[in-house]
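# Fold and contact review
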Amino acid sequence: MALRPTPTEKLIDRLNRNPILLKLSNLRFKYGYRFLSRLLTRDDVLFLNYGYEEDPPMAVPLAASDEPDRIPIQLYHRTATQVDLSGKKVLEVSCGHGGGASYLMRTLHPASYTGLDLNPDGIEFCRKRHNLPGLDFVQGNAENLPFPDQSFDAVINVEAAINYQDVPRFFSEVARVLRPGGHFLYADIRYADGIAAWEADLANAPMRQLSEWVINAQVMRGLEKNRFLDQITRRLPNIAYLRKIASDYAGGPGSLLYRRLENGEASYRLFCFAKH
């Protein structure tokens, strides 16, 4: 049985149908995300994704310092290891707090790794926190990448493009900055009413799709173990309404996101594309 829309979801639907309200919503997301970023960087929160776990559990060897973030790291590992990045020039679009960038630079040994994010507070945090040779961070827009044509061997995007205003433009920018034969390694989620449009955008992307995997079950296992919800809620006042919003945002067990992944009203997928 389909879940009935909540008042919040009804409001979101109205926003999506009204261009003026949509612009206001985008501003709220932009500055709300910046506020959340500031809140979480105070205590060195390095990952903002939902996480990933397989059955049986993945056996990715991790340094002791990485072990607390195993669940979100595994989503990066699964996405990035679809191809061999050793010695390659890599771009991550929407790098968040840089935890994935640092992990992949240290373990997969690309020649260079550039993390880009629209949020200047996040980029400032990344530059202070992740100091590795060959790792760089740049503030910029996913829909207007500030790089020359054919600059990278691989582009990574993890759980971010759902928030972009123009996903086809983003795909075109990815293709533009990739070298011939380069790869786009992509993980993202859509809800039922947005899946058809997403699939059309994917079909029209100016790159060749090599693989597609639905990973709802793996992300749900990640949500059951991810500490992201605790990292958010222990920084909030003990107000039930705020904690309910945080639970839905972080996707903990029992949240609306978790239930939608469970009943198929959300689809989380993993892709590998190649530039012609």
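Residues numbered from 1 in each chain as written. Predicted model: local features only at pLDDT ≥ 70, side-chain atom pairs only at ≥ 80, totals over all residues. Heavy atoms only, no water.

### Description of the pairing of strand β1 (residues 89-93)
The buried fraction of β1 amounts to 4 of the 5 residues, a majority that puts the element mostly inside the structure. Across 5 bridges, β1 lies against strand β2 (residues 112-117) in parallel orientation. Residue pairing across strands places L91 opposite T114, the latter belonging to β2. On the question of chirality, the crossover connecting β1 to the parallel β2 by way of helix α4 (residues 99-108) is right-handed. Here 3 bridges tie β1 to strand β4 (residues 152-158), and the two strands are oriented parallel to one another. Bridge assignment links L91 to a residue of β4, and that residue is V155. (Buried < 20%, exposed > 50% of the residue type's maximum accessible area, 1.4 Å probe, protein only. Helix = DSSP H or I, 4+ residues; strand = E, 2+ residues; numbered from the N terminus. Pairing = 2+ DSSP bridges. Right-handed = clockwise from strand over helix to strand, strands pointing away.)

### Observations concerning the packing of helix α3 (residues 70-80) against α4
At a closest axis distance of 10 Å, the pairing of α3 and α4 adopts a crossing angle of 55 degrees. Judged by the inter-axis angle, α3 sits oblique to α4. The two elements α3 and α4 meet at a crossing, and its hand is right-handed. Judged by residue contacts, I73, Y76, H77 and A80 of α3 engage G100, Y103, L104 and L108 from α4. (Axes fitted to C-alpha atoms, helices over the stretch in contact; angles between N-to-C directions. Parallel < 35°, antiparallel > 145°, perpendicular 65-115°, else oblique. Left-handed = near helix turned anticlockwise from the far one by under 90°. Contact = heavy atoms within 4.5 Å.)

### Some remarks on unusual backbone geometry
At the junction of D55 and P56, the peptide bond is cis and its omega measures out at 5 degrees in the coordinates. Looking at where P56 falls in the secondary structure, it is placed in the loop between α2 (19-41) and α3. Phi angles above zero are rare outside glycine, and H109 is one such case at about 55 degrees. Residue position: H109 is located in the loop between α4 and β2. You will see that E159, though not glycine, has its phi angle at about 55 degrees, which is positive. With respect to the element layout, E159 can be found in the loop between β4 and α6 (167-177). With relative accessibility at 14%, the residue E159 sits in the buried group.

### Let's talk about the environment of P57
As for its placement among the helices and strands, P57 is situated in the loop between α2 and α3. Spatially, the C-alpha atoms of P57 and Q218 are 9.7 Å apart, while their sequence positions differ by 161 residues.

### Remarks on the packing of helix α8 (residues 216-225) against helix α11 (residues 256-263)
The relative placement of two packed helices comes down to the angle between their axes together with the axis-to-axis distance. Interaxial distance between α8 and α11 falls to 9 Å at its minimum, and their mutual angle equals 150 degrees. On the basis of their axis angle, the class for α8 and α11 is roughly antiparallel. By crossing handedness, the relation of α8 to α11 is classed as left-handed. Residues N216, V219, M220, L223 and E224 of α8 form the contact with α11, whose own contacting residues are L257, Y258, L261 and E262. Per-class residue counts for the contact of α8 with α11 are 6 nonpolar, 1 polar and 2 charged. (Nonpolar A, V, L, I, M, F, W, Y, C, P; charged D, E, K, R; others polar.)

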